[in-house]
Amino acid sequence: MSYDQDHTLRLRSIRSFHVGGSVCSLRDLPVEMRRFAQNGAARAVDPNGDHVTGQMYVQAYLQAEPRHRWPVLLWHGGGMTGANWESTPDGRHGWLTEFLHAGFDVYVCDAVERGRASWSRWPEIYAEAPLFRTLNEGWDMFRMGPPGSYDSDGKRRTTYAHQQFPVEAFDAFASQWVPRWAGHEDITLRAYDALLAHVGTCVVVGHSQGGGFALEAARRHPQSFAAVVALEPSGAPRVSLSQALQSAQVGLTPHLILWGDHITDHPVWTRYRETVDDYVATLIRAGVPVCIDDLPRAGILGNSHFPMMDRNSELIAERVIDWISNNTRDMDPS
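Residues numbered from 1 in each chain as written. Predicted model: local features only at pLDDT ≥ 70, side-chain atom pairs only at ≥ 80, totals over all residues. Heavy atoms only, no water.

> What is the right way to read the overall build of the protein chain from this model?
Across its full length, the protein chain carries nine helices and 10 strands. With respect to the principal axes defined by its C-alpha atoms, the protein chain has extents near 60 × 55 × 45 Å. Relative to its 334 residues, the protein chain shows a buried fraction of 53%. Across the protein chain, the fraction of contacts at a sequence separation of at least 24, relative to all contacts at a separation of at least 6, is 77%. Taken as a whole, the protein chain presents about 15300 Å² of accessible surface, with 48% of it coming from carbon and sulfur. (Helix = DSSP H or I, 4+ residues; strand = E, 2+ residues; numbered from the N terminus. Buried < 20%, exposed > 50% of the residue type's maximum accessible area, 1.4 Å probe, protein only. Contact = heavy atoms within 4.5 Å. Areas by Shrake-Rupley, 256 points an atom, 1.4 Å probe, with all protein chains shown as cover.)

> Honestly, helix H5 (residues 185-199) in this entry has me stumped. Any pointers?
Helical geometry note: an α-helix holds 3.6 residues per turn, so side chains three or four residues apart project in the same direction. With 15 residues, H5 extends 21 Å from end C-alpha to end C-alpha; this agrees with the ideal 21 Å at 1.5 Å per step. Every buried residue of H5 is listed here: Thr-188, Leu-189, Ala-191, Tyr-192, Asp-193, Leu-195, Leu-196 and Val-199. Directly after H5, the chain includes Gly-200, whose backbone phi takes a positive value near 90°. (Expected span 1.5 Å × (residues − 1).)

> Mind showing me how you'd approach the pattern of salt bridges here?
Oppositely charged side chains can pair when the atoms bearing their charge come close. Applying the stated rule across the entire model yields 18 salt bridges. Between Arg-34 and Glu-32 there is a salt bridge, with the nearest N and O atoms lying 2.9 Å from each other. Relative accessible area serves as the criterion here: at 47%, Arg-34 is assigned to the partly exposed category. Owing to a relative accessible area of 30%, Glu-32 belongs among the partly exposed residues under this scheme. For Asp-293, the salt bridge is made with Arg-319, and the minimal N-O distance between the two is 2.9 Å. (Salt bridge = Lys/Arg side-chain N within 4 Å of Asp/Glu carboxyl O.)

> What is the right way to look at the pairing of strand S7 (residues 202-207) in this model?
In regular strands, side chains alternate between the two faces of the sheet. When you tally the buried positions in S7, you get six out of six residues, the bulk of the element. Both faces of S7 are covered, namely the face carrying Cys-202, Val-204 and Gly-206 and the face carrying Val-203, Val-205 and His-207. Sheet topology note: the strand S5 (residues 72-75)/S7 ladder contains four bridges and is parallel. Along S7, the bridge assignment pairs Val-72 with Val-203. Bridge count between S7 and strand S8 (residues 225-231): six bridges; the pairing is parallel. Paired with Val-204 across the bridge in S8 is Val-228. (Pairing = 2+ DSSP bridges.)

> So what exactly am I meant to see when it comes to the layout of surface pockets here?
Empty space left among the atoms is revealed by rolling a probe the size of a water molecule over them. If you add up the space inside the largest pocket, you get close to 610 Å³. If you trace the largest pocket, you find 36 residues lining it, with Gly-78, Arg-180, Gln-209, Ser-234 and Tyr-272 closest to the centre. Secondary structure elements with two or more residues in the lining of the largest pocket: helix H3 (135-141), H5, helix H6 (209-220) and helix H8 (267-285). For the lining of the largest pocket, a count of residues per class yields 16 nonpolar, 13 polar and seven charged. Estimated volume of the second largest pocket: approximately 170 Å³. Together, Gly-21, Ser-22, Thr-53, Gly-54, Ile-125, Tyr-126, His-184, Ile-187, Arg-190 and Ala-191 line the second largest pocket. Of all elements in the fold, only strand S1 (11-26), strand S4 (49-63) and H5 reach the threshold of two or more residues within the lining of the second largest pocket. Here the lining of the second largest pocket gets three residues from one element, more than from any other, and that element is H5. Class assignment for the residues of the lining of the second largest pocket results in four nonpolar, five polar and one charged. (1 Å grid on protein atoms, 1.4 Å probe; cavity = no way out; pocket = protein on both sides within 12 Å on 5 of 7 lines; lining within 4 Å. Points joined across faces, edges and corners; volume = space filled by probe spheres on them. Nonpolar A, V, L, I, M, F, W, Y, C, P; charged D, E, K, R; others polar.)

> Teacher, can you tell me more about the packing of aromatic side chains here?
Geometry of an aromatic ring pair is reported as the spacing of the ring centres plus the angle between the planes. Counted by the stated rule, this structure contains 20 aromatic pairs. For the pair Phe-142 and Phe-306, a centre-to-centre distance of 4.8 Å together with 80° between the ring planes defines the contact as edge-to-face. With a gap of 164 residues between them, Phe-142 in the loop between H3 and helix H4 (170-174) and Phe-306 in the loop between strand S10 (290-294) and helix H9 (313-327) connect regions that are remote in the sequence. The same class applies to Phe-142 and to Phe-306, which are both buried. (Phe/Tyr/Trp six-rings, centres within 6.5 Å; stacked < 30°, edge-to-face > 60°.)

> Would you take a moment to explain the nonpolar core for this structure?
What tends to happen in soluble globular proteins is that the nonpolar side chains get buried as a cluster. Trp-95, Phe-99 and Val-205 are the most contacted members of the largest nonpolar core, which totals 58 residues. Of the residues forming this core, the biggest block, six residues, is contributed by H9. Excluding anything up to four places from it in sequence, Trp-95 contacts Trp-85, Val-205, Leu-231, Pro-307, Met-308, Ser-313, Ile-316, Ala-317 and Val-320. Phe-17, Leu-189, Ala-191 and Ala-214 belong to the second-largest nonpolar core, a separate cluster that totals 28 residues. (Core = buried A, V, L, I, M, F, W, Y, C linked by side-chain atoms within 4.5 Å.)

> Any chance you could explain the side chain of Ser-304 here in plain terms?
Inspection of the secondary structure puts Ser-304 in the loop between S10 and H9. Within the structure, the side chain of Ser-304 is placed 2.8 Å from the side chain of Asp-310, a separation counted as a polar contact. Those residues in contact with Ser-304, other than ones at most four positions away along the chain, are Phe-142, Arg-143, Met-144, Gln-163, Phe-165, Glu-232, Gly-260 and Asp-310. (Polar contact = N/O pair within 3.5 Å; in protein donor to acceptor, adjacent residues only side chain to side chain.)

> Mind showing me how you'd approach the pairing of strand S9 (residues 255-259) here?
A large share of S9 lies buried, amounting to five of its five residues. In S9, alternate side chains face the same way, and those of His-255, Ile-257 and Trp-259 on one face and Leu-256 and Leu-258 on the other are all buried. As paired elements, S8 and S9 share four bridges and run parallel to each other. Paired with Leu-231 across the two strands is Leu-258, which belongs to S9. With five bridges connecting them, S9 and S10 associate as parallel partners. Counterpart to Leu-256 in the pairing with S10 is Cys-291. Of the crossover connections in this fold, the one passing from S9 over H8 to the parallel S10 is right-handed. (Right-handed = clockwise from strand over helix to strand, strands pointing away.)

Given below as structure tokens:
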């Protein structure tokens, strides 16, 4: 970034809150005897009663003198938390710092059932047990190397040429991964709806699953968006042209879709991109301004599924921030 690295950030507030969720009552469950205190005796734990579920966690970094009208909301991907934005696995500052230095108020989110948003009991509230990602799957899905290139011995792993992710810190990155549940799109979107109502007009930067949520939220609530950025979204709405036109009549939210390298080398990501490309084509036909930043086509090679963690993360952040600065919709605050 072009900012002075020695520049001191001046914040008026760092605060956190939970938003969304509801109360669910459980009955007729067995009381358990569990020990909690060190060297203490077991005591009764009664799960019967009211439980809060479906909430999300948000941490707000608010500038003393913001230089932009609209705040930026950072939405993480599947099996992840807001830690993705705070710093890189190899110890460099993350996009949270980039956006703060650029003068934005920033909200970092832990979505429903992630991180500090907390979980709910299963199968009484969540229908199924959580899923846990292996390093093997992550290496493949995040496009660190060609198929079959993962090895438990980090020195024997093979990476793509020009790989930008700091692969020596891949195992440290895996420490961030958290359990996730399939089929929670509706409850997660309800929490994001509550967040948008709480914050007001904003710019959302969503990554992977969070990018798909951002596209859907912008479709449903265009009046809440000054702009939306989807970094390698793993999904997109399925809408007709008439539905897209209805959203466009409410407001033409500028869209930026950003893609890294080796998409066509991975069958799952090829299908994900086809879904997003279909949606983008519908948006364009409806008159919505959309920019596609395909990094390899721009001559920027080797970016993984995590451009905010790659070695060139500052360069990618600068491209995104410049686009936001030049394309943010001029709207009255909500």
